[in-house]
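Notes for the structure review
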Amino acid sequence: MKRQSNKPKVVIIGGGFGGLNAAKALGNKDVEVILIDRKNHHTFQPLLYQVATAVLSPGEIALPIRRALHRYKNVEVVLGEVAGFDLEQKNVHLSDGAQIPFDYLIVAAGARHCYFGRDEWEAEAPGLKTIEDALEIRRRVLLAFELAERKAVITGKPEPVVFAVVGGGPTGVELAGAIAGIARETLAEDFKLIDTRNARVLLFEHSPNVLATFAESLSQKAERHLRELGVEVFTHSLVKEIEPGRIKVGEEWIKCDVTLWGTGVSASPLGKALGAELVGRASKVRVRADLSIPNHQNIFVIGDMAFFEDENGVVPGVATAAMQQATCAARNILRDLKRESRQAFKYVNKGSMATIGRHKAIAQIGNWRFSGFVAWLVWMLVHVVSLIDPHHRRLVLREWLWSYFTNQRGVRLITGSVRSGTTEARL
Ligand SMILES: Cc1cc2nc3c(=O)[nH]c(=O)nc-3n(C[C@H](O)[C@H](O)[C@H](O)COP(=O)(O)OP(=O)(O)OC[C@H]3O[C@@H](n4cnc5c(N)ncnc54)[C@H](O)[C@@H]3O)c2cc1C
């Protein structure tokens, strides 16, 4: 690929919270920036479960990367899948064989859920990371109720739909609460033979508490809120097998119509391709204080891919951390160009939150811990107001308020095959 100018060239991999914000921080500065992503859109991942449970449509939580960066004249966006690197020649290799040279590289390719060596479970138990994942989960959830009604029409015997959610972290808890909400409230009047309120939502967590990274008092409140919504919470429960229509928990097989995966994190394999030191089960890249990797001053790794530890502990894989690291990495590049010394990354913890159902949450901000409706309001303000661009913010707030006050879900379409997925057994 030809160089467009003599300015230093910064290549950014990933248009998520990290990459997009790095590009903005370098926007209209004296560098040439190329951002590469395999998707043409940025996804607001914290709102994915709203798409998976039919509150929001995909367009409301995604933004074309090109549009997000259109006002920065020095930033080009390239659609492509990065496959590897030639670090000596300073080239990024795309999967179609194309090469893109760089002077500086910011790698922000994120993470995916992992199945702890049982990748074959993914087909039976999809996780939630992309828009495609959310649409697949929405399809399976809605389809399960349709197939239960159809079976009741044919056999005359209505049976409750059973959902199993694996993992009691934020994703599992949010999914379980939202599915219980759909079953108990939203769909309750739409079916004639089955009573959707009888649906069972089972949440399995192998550790003693759900939301184990929160203070114990908050995780206990979260469990209570889940039970109030009708979710059956099973802690100390290890899922050992997943098959079509059933899962094995401990030594017991449990029949279920839909299984969803809400646990495990595995950083992008691009970390391995960088030849960097990988830390822990998630294989995150250990970065130095300035967020670069050892032996490569010009390569930064940020966001969910990065393992950064300071005196306050390990920086969590959350959107605010990715955004703060993006600003720091971009600033360090600009400081290099001005021949100023680099600054160390300092994480400002803005707190942790998780929603439970339609209007409850738990929140931990510094020493301040609270739960219930107030925590949900804070969660909504933080996520809608600080993470989303103004146009989408209006759309999301409008749809959310509509759903909140009318209890109606706007996007209940089942698209794609009605024969694939765990519910096929019912056909
Ligand atoms: C369901 C869910 C709920 C969440 N809720 C919250 C929350 O409430 N609060 C919070 O702060 N955080 C939340 N998070 C975490 C937050 O979304 C992540 O920490 C954040 O997205 C990390 O940003 P990132 O830039 O590192 O990676 P990402 O945002 O994942 O972006 C990675 C980008 O890299 C691209 N990419 C990957 N590989 C390649 C490749 N080989 N070639 C080209 N492009 C590539 C991807 O397409 C993607 O656009 C949630 C995450 C999920 C999945």
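This report concerns the structure included in the present document.

Parameters at a glance
Residues numbered from 1 in each chain as written. Predicted model: local features only at pLDDT ≥ 70, side-chain atom pairs only at ≥ 80, totals over all residues. Heavy atoms only, no water. Pairing = 2+ DSSP bridges. Helix = DSSP H or I, 4+ residues; strand = E, 2+ residues; numbered from the N terminus. Axes fitted to C-alpha atoms, helices over the stretch in contact; angles between N-to-C directions. 1 Å grid on protein atoms, 1.4 Å probe; cavity = no way out; pocket = protein on both sides within 12 Å on 5 of 7 lines; lining within 4 Å. Points joined across faces, edges and corners; volume = space filled by probe spheres on them. Core = buried A, V, L, I, M, F, W, Y, C linked by side-chain atoms within 4.5 Å. Buried < 20%, exposed > 50% of the residue type's maximum accessible area, 1.4 Å probe, protein only. Domains from an automatic or database assignment. Contact = heavy atoms within 4.5 Å. Expected span 1.5 Å × (residues − 1). Salt bridge = Lys/Arg side-chain N within 4 Å of Asp/Glu carboxyl O.

Right, let's talk about the sheet that holds strand β6 (residues 82-86) for a bit. In space, the three strands of this open sheet follow the order β6-β7-β8, with antiparallel pairing throughout. For this open sheet the edge positions go to β6 and β8 (99-101), each flanked by a neighbour on one side alone. When the angles between neighbouring strand axes are averaged without regard to direction, this sheet yields 25 degrees. In this structure, β6 lies alongside strand β7 (residues 91-94), joined through four bridges in antiparallel fashion. Residue pairing for β7: V82 is matched across the bridge by L94.

Under the defined criterion, the tally for this structure stands at one cavity of 30 Å³ or more. By volume, the largest cavity is sized at about 60 Å³. As for the largest cavity, its lining consists of 13 residues, and the residues nearest its centre are G303, A306, V315, P316 and Q325. Mapped onto the lining of the largest cavity, the elements with two or more residues apiece are β23 (306-307) and α8 (319-337).

Let's shift gears to the nonpolar core. Core analysis: the biggest nonpolar cluster contains 119 residues, and V92, L105, I106, F145, F163 and L274 have the highest contact counts within it. In terms of residue count, α8 provides more of this core than any other element does, nine residues in total. Here this core spans two domains, since at least three of its residues come from each of domain 1 (9-113 + 265-337) and domain 2 (119-262 + 412-426). When neighbours within four sequence positions are excluded, V92 is seen to be in contact with V11, I13, I36, V82, G84, F85, A98, Q99, I100, F102 and L105.

Let us now look at helix α5 (residues 170-186). End to end, α5 covers 22 Å across 17 residues, agreeing with the expected 24 Å (1.5 Å per residue, within 8%). Most of α5 is tucked away: 13 of the 17 residues are buried.

Attention shifts here to the pattern of salt bridges. Counted according to the given criterion, the structure contains 25 salt bridges. The partner of E241 in a salt bridge is R118, and the shortest N-O contact between them spans 2.9 Å. Separated by 123 residues along the polypeptide, E241 in strand β14 (residues 239-243) and R118 in the loop between β10 (111-112) and α4 (131-155) bring together distant segments of the chain. Overlapping salt bridges bring together R112, E122 and D133 as one network.

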